[in-house]
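Understanding the architecture of this molecule
Chain by chain, the residues:
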There are 2 protein chains.
Amino acid sequence: MQYIWINGNSDQGVSPDNRALAFGDGLFETMRLSGDCISHDQLHLHRLMDGCRRLNIPFSQATAESDFKLALAVVESSAHKFWRLKYIVSRGATDTGYFCDNTVVPERIMLLEPFTRDVVSLQQHGVSVIPCRWRLSHQPALAGMKHLNRLDQVMARQEWSSSDIFEGLTADSEGNWIEGTMSNLFVVDKTGCVITPRLDNCGVAGVMRHVVMNTLCPKLGLLVEEKNISTFESADEIFLTNSLIGIVPVTRLADKTYKIGQITRGLQRALNTKESGL
Amino acid sequence: MQYIWINGNSDQGVSPDNRALAFGDGLFETMRLSGDCISHDQLHLHRLMDGCRRLNIPFSQATAESDFKLALAVVESSAHKFWRLKYIVSRGATDTGYFCDNTVVPERIMLLEPFTRDVVSLQQHGVSVIPCRWRLSHQPALAGMKHLNRLDQVMARQEWSSSDIFEGLTADSEGNWIEGTMSNLFVVDKTGCVITPRLDNCGVAGVMRHVVMNTLCPKLGLLVEEKNISTFESADEIFLTNSLIGIVPVTRLADKTYKIGQITRGLQRALNTKESGL
């Protein structure tokens, strides 16, 4: 069951002139819908609009909000509890070539489908991850954005096919661990400080990462710090985040096992009291 | 007048699940058609297949050759002399997410349109270019490939809108000049050596760049060297190349003017005797 809207219509095809297709010229958000709302919709919209400003895409937030209502109408009348909404904003369709003037109208592609993954089990039991050999592109001017140039993640994701491995961690060109292919990375050190990599040169500034750093850690009185992680030697707990899975503990990284610690559990509880079902 | 084929059919829409759209997960070639042939088709096919190998896209060259025949049939029966063919190979269409198994079938998107730009005039009179402020992503693992992650070029191309400027030059993170947004860069120094930037960390290994380095320079007995270009101080001549424009002299870079030198003219003549019309 998949719903597709292109520019707000239930069409089935994207124009071959679309710049998202031609150049990866656009942004996307992947969101969790439950009940009658999009979780953290304001944070997703904020990141999307910030990305549009950085890429000079003249997109109106009202358009996104209007699109989101189409998805919410489906979800409200459905028996499925959770849905995944992928929302792509392309700069639009133009002639061949990189040039694009101000009159080009952004195009939106929206895919909605039930999200049936057993997230509660992932959160409860934790996951195994591997370190990827693929290194992330170094590009400060695009760092943090959830743009459509995602070959780094595609290539890193090819490094495993076993379903026992949940995620692969990717490092920057200097060997600092930055994130998973589809999640952000957190480490808790022996002192109880929650650490997440800086995203100055690469990486996606995840919405759930933002929630952990700016809502949950302060709420629990936990110190949170953005800094380079070149080794996991001092890691007492490791966890991953994204908008669909929430906070998921890492119980195995390569050959080493990790316990699911009290800080990870505390953050999970804080998130779950904030959002029913996660 | 534009012809579009998707997977060899004259459809009009690309699937919203296509990975070129979702992630820029694919490659492209932009080719010049004239008469009844694609200029340097074997070099284009070679680069395309090399890119497929590097990205692990299980694509068959025979499929591309079969697609090209569709375009050639249009060109052969047309009054237009020159055509531009853009050929996109996407890894295919998959579910949401970066994962992709070996059973996914690559999808091809092909756009063909008359190429009416006055290339002879560009080649004869030269062009003005600007240095762009945008720096290219540093990514050795993708360098040289003509992949679909082209936000760097999109962003650099936004730095000018005057039609007096033909191209913008982009540098790597260390300030070495690498290429134009849609062309490769050559400099001739005072000794007559033809220099083009190394593409170890970023940049596209252009087909016309290859022709200049491996066919034309040896034919004319010119020394050709790949090395970093951090300044144009020692540049006696500058020219740009790509498959559509051939060899185009730079007559102005920022505030400085350059003469169209004998080596550039010699290379143009050598190319033009090789290919009628360019």
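Everything numeric in this text was worked out from a predicted model, so none of it was measured.

About the criteria used
- The residue numbers shown here count from 1 along each chain, following its written sequence.
- For naming, the first written chain is A and the first written ligand is 1, with later ones following in the order written.
- Local features in this predicted model are restricted to residues whose pLDDT is 70 or higher, and side-chain atom pairs enter the listing and the counts only when it is 80 or higher, whereas totals over whole chains, interfaces and linings include all residues.
- For the side-chain quantities, the full set of heavy atoms in the structure was used; hydrogens and water were omitted.
- Helix numbers and strand numbers start at the N terminus; a helix is a DSSP run of H or I with at least 4 residues, a strand a run of E with at least 2.
- A helix is expected to span 1.5 Å multiplied by its residue count minus one.
- Partly exposed describes any residue whose relative accessible area lies between the buried limit of under 20% and the exposed limit of over 50%, with all areas from a 1.4 Å probe on protein chains only and scaled to the type maximum.
- Only heavy atoms matter for contacts: two residues are in contact if any of them lie within 4.5 Å across the pair.
- The copies were overlaid with a least-squares fit restricted to C-alpha atoms from residues scoring a pLDDT of at least 70 in each copy.
- Whether two aromatic rings pair depends on their centres lying within 6.5 Å, for rings of Phe, Tyr and Trp, where Trp uses its six-membered ring; planes under 30 degrees apart make the pair stacked, over 60 edge-to-face, and the rest tilted.
- DSSP-based pairing: two strands are paired if at least 2 bridges between them are found.
- For helices, the fitted line uses only the C-alpha atoms of the stretch in contact; every axis is such a line through C-alpha atoms, and the angle between N-to-C directions lies from 0 to 180 degrees.
- Our angle categories are set so that under 35 degrees counts as roughly parallel, over 145 as roughly antiparallel, 65 to 115 as roughly perpendicular, and the remainder as oblique.
- Rotating anticlockwise by less than a right angle from the far helix to the near helix defines a left-handed crossing, while the corresponding clockwise rotation defines a right-handed one.
- The split of the chain into domains comes from an automatic or database domain assignment.
- Values labelled buried area give the accessible surface lost by two parts on being combined, using a 1.4 Å probe and summing over both.
- Whenever Lys or Arg places a side-chain nitrogen within 4 Å of a carboxyl oxygen from Asp or Glu, that contact is recorded as a salt bridge.
- Both site types are read off a 1 Å grid over the protein atoms alone. A 1.4 Å probe that fits but cannot get out defines a cavity, while an open set with protein on both sides within 12 Å along at least five of seven lines defines a pocket; lining residues have an atom within 4 Å of a point.
- Grid points are joined across faces, edges and corners, and a volume is the space filled by probe spheres set on the points.
- Gly is placed with the polar residues, together with every amino acid not listed as nonpolar (Ala, Val, Leu, Ile, Met, Phe, Trp, Tyr, Cys and Pro) or charged (Asp, Glu, Lys and Arg).

This part covers helix α2 (residues 41-55) of chain B. Compared with the 21 Å implied by 1.5 Å per residue over 15 residues, the 21 Å span of α2 of chain B between its first and last C-alpha is a close match. Those residues of α2 of chain B lying buried are H44, L45, R47, L48, M49, G51, C52 and L55 of chain B. Looking at the packing, one finds that the buried side of α2 of chain B touches α5 (151-157) of chain A together with β2 (26-34), α3 (61-76), β4 (82-90) and α6 (207-220) of chain B. Positive phi appears at N56 of chain B, one or two residues downstream of α2 of chain B, with a value of about 60°.

Now for the relation of the copies chain A and chain B. Superposition of the two copies of the chain requires a rotation about an axis and a shift along the axis. The two copies are related by a screw operation: chain A maps onto chain B through 180° of rotation and 0.0 Å of translation along the axis, at an RMSD of 0.0 Å. One copy is carried onto the other by what is essentially a two-fold rotation axis. Of the residues that chain A buries at the interface, 100% are likewise interface residues in chain B, meaning the two copies contact each other through the same surface.

Time to look at helix α7 (residues 262-274) of chain A. For α7 of chain A, spanning 13 residues, the distance from its first C-alpha to its last is 18 Å, which sits close to the expected 18 Å at 1.5 Å a residue. Taken as a whole, α7 of chain A has its buried residues at I263, T264, G266, L267, Q268, A270 and L271 of chain A.

All names here are of chain B. Counted according to the given criterion, the structure contains 12 aromatic pairs over all chains. With a centroid separation of 4.6 Å and an interplanar angle of 40°, the aromatic rings of F23 and Y98 are classed as tilted. Here Y98 lies in the loop between β4 and β5 (107-114) and F23 lies in helix α1 (residues 19-23), a separation of 75 residues in the sequence. Y98 matches F23 in its accessibility class, with the two residues each being buried. Centroid distance F68 to Y87: 5.0 Å. Interplanar angle 80°. Geometry classified as edge-to-face. Residue F68 is found in helix α3, and its partner Y87 is found in strand β4; the two are separated by 19 residues along the sequence. For the pair formed by F68 and Y87, the shared burial category is buried.

Relative to the helices and strands, S183 of chain B resides in the loop between β8 (177-180) and β9 (184-189). If we skip the residues at most four places from it in the chain, S183 of chain B touches E167, L240, T241 and N242 of chain B.

Moving on to the sheet that holds strand β1 (residues 3-6) of chain A. All names here are of chain A. In spatial order, the strands read β1-β5-β4-β2-β3; together these 5 strands make up an open sheet with antiparallel pairing. Looking at the sheet topology across the chains shown, the edges are occupied by β1 and β3 (37-38). Pairing between strand β2 (residues 26-34) and strand β4 (residues 82-90): 9 bridges, direction antiparallel. Paired with F28 across the strands is I88, a residue of β4. Across the sheet, helix α3 (residues 61-76) is in contact with β1, β2, β3, β4 and β5 (107-114); its angle to β5 comes to roughly 20°.

A few words now on the packing of helix α2 (residues 41-55) of chain A against α3 of chain A. Residue and element names in this part refer to chain A. Close contact between α2 and α3 brings their axes to 11 Å; oriented N to C, the two are set at 140°. Considered as vectors, α2 and α3 are oriented oblique to each other. When you trace α2 past α3, the crossing you get is right-handed. Taking contact as the criterion, the partners of Q42, L45, L48 and M49 in α2 are, on α3, Q61, A64, E65 and F68.

All names here are of chain A. Per the domain assignment, the segments making up chain A are domain 1 (3-116) and domain 2 (120-274). Of note, the centres of domain 1 and domain 2, computed from C-alpha atoms alone, are 25 Å apart. Contacts between the two partners involve 22 residues from domain 1 and, on the opposite side, 20 residues from domain 2. Roughly 1,700 Å² of surface becomes buried between domain 1 and domain 2 when both sides are summed, with 69% attributable to carbon and sulfur atoms. Considering only the side of domain 1, the residues that lose the most area to domain 2 are F28, R47 and R54, jointly responsible for 36% of the buried surface there. Run the count over domain 1 and domain 2 and you get 0 salt bridges.

Gaps between atoms show up when a probe of the same size as a water molecule is rolled over them. Tallied over the full model, the rule gives 3 cavities of 30 Å³ or more. Here the largest cavity defines a volume of roughly 450 Å³. The set of elements that each furnish at least two residues to the lining of the largest cavity consists of α5 of chain A together with α5 (151-157) of chain B. Among the residues making up the lining of the largest cavity, the classes are represented as 13 nonpolar, 14 polar and 6 charged.

Turning to the layout of surface pockets, a few remarks are in order. Considered as a void within the structure, the largest pocket measures approximately 1,100 Å³ in volume. In terms of lining, the largest pocket is formed by 47 residues, of which the most central are R84 and M182 of chain A together with T96, G97 and Y98 of chain B. Put simply, the parts of the chain that give the lining of the largest pocket at least two residues each are β2, β4, β5, α5, β7 (165-171), β8 (177-180), α6 (207-220) and β12 (235-242) of chain A. Counted by class, the lining of the largest pocket contains 17 nonpolar, 17 polar and 13 charged residues. Looking at the second largest pocket, its volume works out to about 950 Å³. Looking at the second largest pocket, it is lined by 41 residues, and the ones nearest its centre are T96, G97 and Y98 of chain A together with R84 and M182 of chain B. Put simply, the parts of the chain that give the lining of the second largest pocket at least two residues each are β2, β4, α5, β7 (165-171), β8, α6 and β12 (235-242) of chain B. Sorting elements by how many residues they give to the lining of the second largest pocket places β7 of chain B first, with 3 residues. Looking at the lining of the second largest pocket residue by residue, the class counts come to 15 nonpolar, 14 polar and 12 charged.

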